[in-house]
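Listed here are the chains, written in short residue letters.
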Amino acid sequence: MKRLVSVLVLSVVLVPGTALAQGVSEEPIGNLAELMRGLMFPNANKLFDAQAVEPGGPVPEMNSETRDAVSALIGSASSRFATIYRGWPEVAGAAVALADGAKLAMLPGRLCDNGVPAPVDQADYIEGARMLEEYSIDALNGAREQNWDAVWEAVNYVNESCTHCHKTYRDGPDSRQEPRCEVQ
Ligand code: HEC
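Thresholds applied
- Residues numbered from 1 in each chain as written.
- Predicted model: local features only at pLDDT ≥ 70, side-chain atom pairs only at ≥ 80, totals over all residues.
- Helix = DSSP H or I, 4+ residues; strand = E, 2+ residues; numbered from the N terminus.
- Buried ≥ 20, exposed ≤ 12 C-beta atoms within 10 Å, placed from the backbone.
- Near = placed C-beta within 6 Å.
- Expected span 1.5 Å × (residues − 1).
- Arc of directions from axis to C-beta.
- Contact = placed C-beta atoms within 7 Å.
- Core = buried A, V, L, I, M, F, W, Y, C linked by C-beta atoms within 7 Å.
- Axes fitted to C-alpha atoms, helices over the stretch in contact; angles between N-to-C directions.
- Parallel < 35°, antiparallel > 145°, perpendicular 65-115°, else oblique.
- Left-handed = near helix turned anticlockwise from the far one by under 90°.
- Nonpolar A, V, L, I, M, F, W, Y, C, P; charged D, E, K, R; others polar.

**Student:** Please clarify how the overall build of the chain should be interpreted in this entry.
**Tutor:** Assigned secondary structure in the chain consists of seven helices and zero strands. Counting from the amino terminus, helix and strand elements in the chain follow one another as α-α-α-α-α-α-α. Taken over 184 residues, the chain has a buried fraction of 22%.

**Student:** So what exactly am I meant to see when it comes to the site of the ligand here?
**Tutor:** In the vicinity of the ligand lie 25 residues, with Ala33, Met36, Cys112, Cys162 and Cys165 positioned nearest. At the level of secondary structure, the elements contributing two or more residues to the shell around the ligand comprise helix H2 (32-52), helix H5 (88-106), helix H6 (123-144) and helix H7 (148-169). The leading source of residues in the shell around the ligand is H2, at seven residues.

**Student:** How do you make sense of H7 when you look at a structure like this?
**Tutor:** Helical geometry: 3.6 residues make up each α-helical turn, so side chains three or four residues apart lie on a common side. In a regular helix each residue adds 1.5 Å, so 22 residues correspond to 32 Å; H7 covers 32 Å between its end C-alpha atoms and thus fits that length. Of the positions making up H7, those classed as buried are Val151, Ala154, Val155, Val158, Ser161, Cys165 and Tyr169. Burial along H7 is one-sided: seen end-on, the buried residues are contained in an arc of 110°. Residues Asp149, Asn156 and Lys167 are exposed on H7 and point more than 90 degrees away from its buried face. Summarising the contacts, the buried residues of H7 are in contact with H2, H5 and H6.

**Student:** Looking at this structure, I do not really get unusual backbone geometry. What am I missing?
**Tutor:** What you tend to see is this: most non-glycine residues have negative phi, and most peptide bonds are trans. Despite not being glycine, Gln146 shows a phi value in the positive range, around 55°. Looking at where Gln146 falls in the secondary structure, it is placed in the loop between H6 and H7. Assessed through the 15 C-beta atoms surrounding it within 10 Å, Gln146 is described here as partly exposed.

**Student:** Would you take a moment to explain the environment of Pro58 for this structure?
**Tutor:** Within the secondary structure layout, Pro58 lies in the loop between H2 and helix H3 (64-73). It is 9.3 Å that separates the C-alpha atoms of Pro58 and Gly87, two residues lying 29 residues apart in sequence.

**Student:** Would you mind going over the nonpolar core with me for this structure?
**Tutor:** One recurring pattern in soluble globular proteins: nonpolar side chains tend to sit buried together. Counting 30 residues, the largest nonpolar core has Leu47, Val91, Ala95, Leu98, Ala139, Ala143 and Val158 as the members making the most contacts within it. Top element by residues in this core is H5. It accounts for nine residues. Apart from residues lying up to four places away in sequence, Leu47 is in contact with Val91, Ala94, Ala95, Ala139, Val155 and Val158.

**Student:** Where do I start with the packing of H6 against H7 in this structure?
**Tutor:** Helix packing geometry: the angle between the two helix axes and the distance between the axes. The geometry of H6 relative to H7 is characterised by a closest axis approach of 8 Å and an angle of 165° between their N-to-C directions. Compared by their axis directions, H6 and H7 come out roughly antiparallel. Handedness of the crossing formed by H6 with H7: left-handed. Side by side, H6 and H7 meet where Asp124, Tyr125, Glu127, Gly128, Met131, Leu132, Tyr135, Ser136, Asp138, Ala139, Gly142 and Ala143 of the first sit next to Ala150, Val151, Ala154, Val155, Tyr157, Val158, Glu160, Ser161, His164, Cys165, Thr168 and Tyr169 of the second. Its residues assigned to classes, the contact of H6 with H7 comprises 14 nonpolar, six polar and four charged.

**Student:** Can you walk me through the packing of H2 against H7 in this structure?
**Tutor:** Here H2 crosses H7 at 145°, and the two axes come no closer than 9 Å. Our pair here, H2 against H7, has a crossing hand that is left-handed. On H7, the residues that touch Ala44, Leu47, Phe48, Ala50 and Gln51 of H2 are Val151, Trp152, Val155, Val158 and Cys162.

**Student:** Mind showing me how you'd approach the environment of Leu35 here?
**Tutor:** Following the sequence through the fold, Leu35 ends up in helix H2. Given 19 C-beta atoms within a 10 Å radius, Leu35 is considered partly exposed. In the structure, Leu35 is positioned 70 residues away from Ala105 in sequence and 7.7 Å away in space, judged by C-alpha atoms.

Honestly, that's just the spatial picture; any functional story needs more than this.
Shown next as structure tokens:
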């Protein structure tokens, strides 16, 4: 039934002259915490991995314990496909996600998890997003050149961009403390 509906919708959109193709929405879809969990957190972790171990090296030998743990997980798509873009392409992809993610953090109208509007008009928040974009681009260029030192250095600055926003708009003593996103 689901498939039938999408075929019908497609044919309406594709018949020339009958309807204008609609672009994607310009509205934010999730709240800021969801964007952070879905985009910033996993991709920043990939960059931190790239600092810990030089990308593009040989896949480490698995001992039998690791192999058992992997086969217990192998059912999931993320573990099965984890090595497809491994190495420099994975680092470049993570850097692009973060650089473009900075724009998504700036979309007007996005709320924080607690219902307070994301402080997209505040200079220090805007500066955090700008830093995230700039240093992620540095990490991207380093990954494209396969220059580990350059990536290593850029990732330190990416981390600073996260802190630049979090110290004011996220972190209380235990980092989950409310109020978040509130303008002082
Ligand atoms: C432009 C400002 C800004 C930048 C840059 C930024 N964050 Fe955030 N982040 C926030 C704010 C504000 C919150 C609180 C969001 C909420 O409560 O809805 C947050 C929340 C989070 C959370 C917690 C989500 C939760 O479960 O409550 C994580 C994880 C996170 N950020 C990761 C990162 C990482 C990693 C980076 C850097 C790569 C980063 N953020 C960069 C502003 C930013």
